[in-house]
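Survey of secondary and tertiary structure
Listed here are the chains, written in short residue letters.
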Amino acid sequence: MDFDTPVSGFGRHTQRWDDMDPLRGVAGTDALPMFVADMEFRAAPCILDALRNEIEFGYMGYFGNPAPVAEAVSHWMETRHGWSFSPDCVQFTHGVVQGFARVIEMATEPGDGVILFTPVYHSFRKKIPAKGRTLVESPMVLRDGRYEMDLEGLAEVLTGREKVLTLISPHNPGGRIWSADELRAVADFCVAHDLILISDEIHMDLTFPGAKHIPTSVAAPHVKDRLITITAASKAFNIAGGETGLAIIEDAALLERFKAAQKAYGGTPNRFGMIMTKAAFTDGADWLDAAQAYIAENFRIWRERMNALPGVSVMDMQATYLTWVDFSGTGMSHDELLRRIQQDAKIAVSPGPDFGPDGEGYQRFNIAMSRGNLTRAADRLDAAFADLQ
Ligand SMILES: Cc1ncc(COP(=O)(O)O)c(C=O)c1O
């Protein structure tokens, strides 16, 4: 479990390193990737062993018999999150975003509304209009330095054409873990307004030591007939390249609707994604505990360093590795901030406005990296904003 040795993925078909220049305009092998949401770390030994075993075997054909993977998923959810369900409730998708798109297709018609709480994971903001559905953004309220959902405000703007509400739990960006009361309030809102509830829990295993994620299904079992949980082993175990997502649907009728929507596309799961998911959920707990502790310490250091910059403050968080940094106190324009961060400090970052209008003034930095590189990034930002001191 070595998280300290820096990894460099230039020239290896990596979005993290190879796409920094084309996507963010940050060039050079000394550039530091803090944008795309994967980790600098190598995967857990149990995952690498499982892949080695596949390579030794040498068969690269279609994947079959997903049942043992579904069993590993349900066992993990029960032991790690106190959430019990039959392995039959697990459907596999080609990534979580694709699972999200399937639910939108299944539950809405063109023009129907899909609700998101902003600021929000940018991909969903793009997918909804791309599918001809109406994006309904519900701005969260900042209270005591953390985001809260404004369900009363949301109720006032509903037109009756909304069919789906998407909750990200823990939230990205901001890293908030929702309380059981908050989860129940969202669930009740979905009942009151007859909405399908998508609970995206892809960050559920990236909690800081001592913090506890509550699956929506556990907090609000009364909404299982309208609840689709989409999640994966991909974020927590850094295996996103395996493009394997999970849709967990406990209501039999809803599960059949989802399966029918899936059938329109066909396609068996990604062999390597399934093998990695099974290994992660079967033998990955120790590695994950160590990764969580490492990221939590990274967050402590990062927050201290960033908060020392005048006009800059990092939102407190209990989960994820995606830090939400408020630069509004510097008084600088968005372009000026990006110029300093990306061109002067050579750090590829996710620009706040991509997460919604309320992301103005913010930048999202991914801190799942070796401590040496994290410190290097903080040093470079010190230099890029030295005139503020
Ligand atoms: C909330 C959330 N959902 C989904 C994804 C992406 O999932 P996938 O790569 O499996 O499509 C991310 C990636 O950052 C995310 O933060």
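Residues numbered from 1 in each chain as written. Predicted model: local features only at pLDDT ≥ 70, side-chain atom pairs only at ≥ 80, totals over all residues. Heavy atoms only, no water.

With that settled, the discussion passes to the sheet that holds strand β14 (residues 350–351). The four strands are arranged β11-β12-β15-β14 in an open sheet whose pairing can be described as antiparallel. Pairing within the sheet leaves two strands with one partner each, and these edge strands are β11 (313–314) and β14. Both β14 and strand β15 (residues 362–366) contribute to a ladder of two bridges, which runs antiparallel. Note on β15: the bridge partner recorded for Pro-351 is Gln-363. (Pairing = 2+ DSSP bridges. Helix = DSSP H or I, 4+ residues; strand = E, 2+ residues; numbered from the N terminus.)

Examined against the element boundaries, Thr-231 turns out to sit in strand β9 (residues 227–231). For Thr-231, a relative accessible area of 0% translates into the label buried. Polar contacts involving the side chain of Thr-231 include one to the main-chain carbonyl oxygen of Glu-201, which spans 2.9 Å. The residues touching Thr-231, leaving out its near neighbours within four places in the chain, are Met-77, Val-96, Glu-201, Ile-202, Met-204, Gly-245, Leu-246 and Ile-248. (Buried < 20%, exposed > 50% of the residue type's maximum accessible area, 1.4 Å probe, protein only. Polar contact = N/O pair within 3.5 Å; in protein donor to acceptor, adjacent residues only side chain to side chain. Contact = heavy atoms within 4.5 Å.)

This part takes up the environment of Leu-338. In this fold, Leu-338 is placed in helix α13 (residues 334–344). Taking the C-alpha atoms as reference points, Leu-338 and Thr-108, separated by 230 residues in sequence, lie 37 Å from one another. Discounting residues that sit within four places of it in the chain, Leu-338 has contacts with Arg-24, Gln-343, Val-349, Pro-351 and Gln-363.

Another aspect to go through is the site of the ligand. Surveying the vicinity of the ligand reveals the residues Ala-37, Gly-95, Val-96, Val-97, Tyr-121, Phe-124, Ile-168, Asn-172, Asp-200, Ile-202, His-203 and Lys-235. The contact in question runs from an oxygen atom of the ligand to an N or O atom on the side chain of His-203, over 2.9 Å. Protein burial of the ligand: of its 410 Å² of free accessible surface, 91% is covered by the chains. Across the shell around the ligand, the residue classes break down as seven nonpolar, three polar and two charged. (Near = heavy atom within 4 Å. Areas by Shrake-Rupley, 256 points an atom, 1.4 Å probe, with all protein chains shown as cover. Nonpolar A, V, L, I, M, F, W, Y, C, P; charged D, E, K, R; others polar.)

Turning our eyes to something else, we now look at a nonpolar patch on the surface. On the surface, Ile-55, Met-60 and Phe-272 cluster together into a nonpolar patch covering about 290 Å² of accessible area. By the element assignment, Met-60 lies in the loop between α3 (45–57) and α4 (67–81). (Patch = residues over 30% accessible without salt bridge, like charges linked within 9 Å, V, L, I, M, F, W, Y side chains within 5 Å. Salt bridge = Lys/Arg side-chain N within 4 Å of Asp/Glu carboxyl O.)

Per the domain assignment, the segments making up the protein chain are domain 1 (15–44 + 286–388) and domain 2 (61–282). If you average the C-alpha positions of domain 1 and of domain 2, the two centres end up 26 Å apart. In this assembly, 30 residues from domain 1 lie in contact with 34 residues from domain 2. Carbon and sulfur atoms supply 59% of the area that domain 1 and domain 2 bury against each other, a total of about 2700 Å² over both sides. The largest per-residue losses of area from domain 1 upon contact with domain 2 belong to Leu-288, Gln-318 and Phe-355, which jointly make up 22% of the total buried on that side. On the surface where domain 1 and domain 2 come into contact, there are one salt bridge. (Domains from an automatic or database assignment. Buried area = accessible area lost by both parts, 1.4 Å probe.)

The end-to-end C-alpha separation of helix α8 (residues 180–192) is 18 Å, in line with the 18 Å expected for 13 residues at 1.5 Å each. All of the buried residues in α8 are Ala-180, Glu-182, Leu-183, Val-186, Ala-187, Phe-189 and Cys-190. Against β6 (146–148), α7 (151–157), β7 (162–168), β8 (196–200) and α9 (216–219) lie the buried residues of α8. After α8 finishes, the residue Asp-194 shows a positive phi value of roughly 50 degrees. (Expected span 1.5 Å × (residues − 1).)

Right, let's talk about the pattern of salt bridges for a bit. In this structure the tally under the stated criterion is 25 salt bridges. For Glu-105, the salt bridge is made with Lys-131, and the minimal N-O distance between the two is 2.8 Å. Here Glu-105, found in helix α5 (residues 96–107), pairs with Lys-131, found in the loop between α6 (122–130) and β4 (134–139); they are 26 residues apart in sequence, far enough to count as distant. Classification of Glu-105 as partly exposed rests on a relative accessible area of 26%. In this structure Lys-131 comes out as partly exposed when scored by relative accessible area, which is 26%. A salt bridge links Asp-379 to Arg-305; the nearest nitrogen and oxygen atoms lie 2.7 Å apart. On the criterion of sequence distance, the pair formed by Asp-379 in helix α14 (residues 371–384) and Arg-305 in helix α12 (residues 285–307) is long-range, its members being 74 residues apart. Relative accessible area serves as the criterion here: at 41%, Asp-379 is assigned to the partly exposed category. Members of the salt-bridge network, linked through shared partners, are Glu-336, Arg-339, Arg-340, Asp-344 and Asp-387.

The next point concerns the pairing of β7. Regular strands have side chains that alternate between both faces of the sheet. The element β7 is largely enclosed, with a buried count of six among its seven residues. Strand direction decides the pairing type here: strand β3 (residues 113–118) and β7, joined by four bridges, are parallel. Bridged to Gly-113 within β7 is Glu-162. For β7 and β8, the ladder comprises five bridges, and the chain directions are parallel. Bridge assignment links Val-164 to a residue of β8, and that residue is Ile-196. After leaving β7, the chain enters α8 and then returns to the sheet as β8, a path that is right-handed. (Right-handed = clockwise from strand over helix to strand, strands pointing away.)

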